[in-house]
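Geometric and topological summary
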Amino acid sequence: MQKILTIVGARPQFIKASALSRAFQQLGVPEVLVHTGQHFDANMAEIFFREMEIPWPAYNLGIHSLPHGAMTGRMTEAIEQVLLTEKPSAVVVYGDTNSTLAGALAAVKLHIPVAHVEAGLRSFNLRMPEEINRILTDRISSFLFCPSANAVKNLKEEGFDHFPARVAFFGDVMFDVALHYSQIAVRKSKILAQHQLGGSPFLLATLHRQENTDDPARLSALLEALNSLAATYRIVLPLHPRTRKIIESAGPKLKFEPLEPVGYFDMVELLKNCSFVLTDSGGLQKEAFFFGKNCLVARDETEWTELTELGYNFLVGADKNRILSKSEEISQLNRPFTAKPFGDGDAALKIAAFLKQQLF
Ligand code: UD1
Ligand code: UDP
């Protein structure tokens, strides 16, 4: 039977896959989901399958908590076995994690076409594991679905017009997801009441990038900035397990209580109701914009340059003084969030229809 095989492994991939799985179902395209196991805590993985009604993975490879080479290598080996059994028409991979690269590598060596959703993003910083994963995945993909016009431009500049690959811009599936769940989240999430977030202004923050968590100077500057901002705002910091482990062993004392990671519905309600966002997350930089909030990006560069160029988001690195002065500045901003750099909210349906037409 002809089918698509989708590789997921980390939190943002479950969220992105929810949009495409729905579109495949709508178009009658059979899909087999493979979870590498990279994220495994209930609130980093299972919650998204349950609340976003993603088809339960047919395979869970249970590979996690390893150094980069070992993780990617073991995933590639295990995915290869699944591909030999399932013989799909194409493999869909998302984003830039180790699971993405492993899926793409296993597939291309078996001559199975790879479709990369969120292709063409570049930070131009090869010290980021994600940059390596995305460059290599793009190069061996047959179908490259770009989330933005800048991503298409990046691929053109790398010569993709001369490669046997199809580059397409249908929009960002994360915009589809935000639109789809916005009304559902308001009914299902109890997070605002649970944490008495109704009245007082709060800042929503997340921190998990290796460049921040694994550099003690950067991590303490960021946490000290949040400690200072705690004098003005409630700080809502759903903490990635990577960051929690490091703070508990070596971090500065926090003047606020971080939360456990939250589900997507809770995240949407936090985004809608916060004053602004401080994050090093790729996904959250855009979701801040989708829900009409400015965002301080705790990075030295970003792949989502449209939002910094349009003046919605601001790069603040791990610079405490810059974070404090920009926080002051953005609390005065009042720009409407009318730009539409990420498509029309129907990217997943367009991608699924394109793949169906190309493959079946
Ligand atoms: C991974 C991705 C990153 C993405 C992020 C999304 C790579 C190289 N990095 O980073 O691009 O932005 O996911 O969240 O693929 N851990 C748990 N429980 C979990 C998940 C992780 O305890 O459910 C721990 C792991 O044991 C490990 C640490 O967190 O010690 C890091 O996990 P890992 O999957 O290696 O990378 P992330 O930082 O999550
Ligand atoms: N997210 C979530 N709960 C959290 C933190 C993040 O649901 O506690 C969502 C967030 O809204 C976005 C996605 O996870 O949709 C982004 O994932 P993450 O920040 O882990 O990875 P990145 O986008 O940086 O790769």
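A short tour of the structure in this document, coming up. Given the structure is predicted, the values throughout are model-derived calculations rather than measurements.

Within this structure, the stated rule accounts for 1 cavity of 30 Å³ or more. Residues of the lining of the largest cavity, tallied by class, amount to 5 nonpolar, 1 polar and 2 charged.

Turning our attention to the environment of Ala352. Assignment of secondary structure puts Ala352 in helix 16 (residues 347-359). Judged by its relative accessible area of 0%, Ala352 is buried. Sequence spacing of Ala352 and Val29 is 323 residues, and the spatial spacing of their C-alpha atoms is 8.2 Å. Residues within four places of Ala352 in sequence aside, it is in contact with Leu20, Ala23, Phe24 and Leu27.

Right, let's talk about the side chain of Thr206 for a bit. Mapping Thr206 onto the fold places it in strand 8 (residues 202-206). Take Thr206: its relative accessible area is 8%, and that puts it in the buried class. Here Thr279 takes part through its side chain, which lies 2.6 Å from a polar atom of the side chain of Thr206. Discounting residues that sit within four places of it in the chain, Thr206 has contacts with Leu237, Pro238, Met267, Leu278, Thr279, Asp280, Ser281 and Leu284.

In the vicinity of ligand 2, 18 residues are found, and the nearest of them are Arg209, Val262, Ser281, Gly283 and Glu287. Within the backbone of Gly283, an N or O atom sits 2.8 Å from an oxygen atom of ligand 2. For ligand 2, the protein covers 96% of the area, taking 530 Å² as the surface of the free molecule. When atom positions are compared with the pocket grids, ligand 2 is found to occupy the largest pocket. Those elements giving two or more residues to the shell around ligand 2 turn out to be helix 1 (11-26), helix 12 (264-273) and helix 13 (282-290). Top contributing element to the shell around ligand 2 by residue count: helix 13, with 4 residues.

Pairing is parallel across the open sheet formed by 5 strands, whose spatial order is 9-8-10-11-12. The sheet is open, and its two borders are formed by strand 9 (234-236) and strand 12 (313-315), each paired with just one other strand. Strand-to-strand, the axes of this sheet are offset by a mean angle of 20 degrees, without reference to chain direction. Summarising the sheet, strand 11 (residues 295-297) and strand 12 pair through 3 bridges and their orientation is parallel. Residue pairing across strands places Leu296 opposite Phe314, the latter belonging to strand 12. Lying on the sheet, helix 15 (residues 320-330) is in contact with strand 10 (276-279), strand 11 and strand 12; it crosses strand 11 at an angle near 160 degrees.

This part takes up the pattern of salt bridges. For the coordinates displayed, the defined rule picks out 24 salt bridges. Of the charged contacts in the structure, one is a salt bridge between Asp138 and Arg122, with a shortest N-O distance of 2.9 Å. One end of the pair, Asp138, is in helix 5 (residues 129-139); the other, Arg122, is in the loop between strand 5 (114-117) and helix 5, and 16 residues separate them in sequence. Side by side, Asp138 and Arg122 carry an identical accessibility label, which is buried.

Counted at 1.5 Å a residue, the expected span for helix 4 (residues 98-109) with its 12 residues is 16 Å, and the 17 Å between its end C-alpha atoms agrees. The buried count for helix 4 comes to 9 of 12 residues, which makes it a mostly enclosed element. Along helix 4, the positions that sit buried rather than exposed are Asn98, Ser99, Thr100, Leu101, Ala102, Gly103, Ala104, Ala106 and Ala107. With a side-chain oxygen positioned 3.1 Å from the backbone nitrogen of Ser99, the residue opening helix 4 is Thr97. Following helix 4 by one or two positions, His111 has its phi on the positive side, about 65 degrees.

Thresholds applied
Residues numbered from 1 in each chain as written. Chains lettered and ligands numbered in written order. Predicted model: local features only at pLDDT ≥ 70, side-chain atom pairs only at ≥ 80, totals over all residues. Heavy atoms only, no water. 1 Å grid on protein atoms, 1.4 Å probe; cavity = no way out; pocket = protein on both sides within 12 Å on 5 of 7 lines; lining within 4 Å. Points joined across faces, edges and corners; volume = space filled by probe spheres on them. Nonpolar A, V, L, I, M, F, W, Y, C, P; charged D, E, K, R; others polar. Helix = DSSP H or I, 4+ residues; strand = E, 2+ residues; numbered from the N terminus. Buried < 20%, exposed > 50% of the residue type's maximum accessible area, 1.4 Å probe, protein only. Contact = heavy atoms within 4.5 Å. Polar contact = N/O pair within 3.5 Å; in protein donor to acceptor, adjacent residues only side chain to side chain. Near = heavy atom within 4 Å. Areas by Shrake-Rupley, 256 points an atom, 1.4 Å probe, with all protein chains shown as cover. Sits in = over half its atoms within 2 Å of the grid points. Pairing = 2+ DSSP bridges. Axes fitted to C-alpha atoms, helices over the stretch in contact; angles between N-to-C directions. Salt bridge = Lys/Arg side-chain N within 4 Å of Asp/Glu carboxyl O. Expected span 1.5 Å × (residues − 1).

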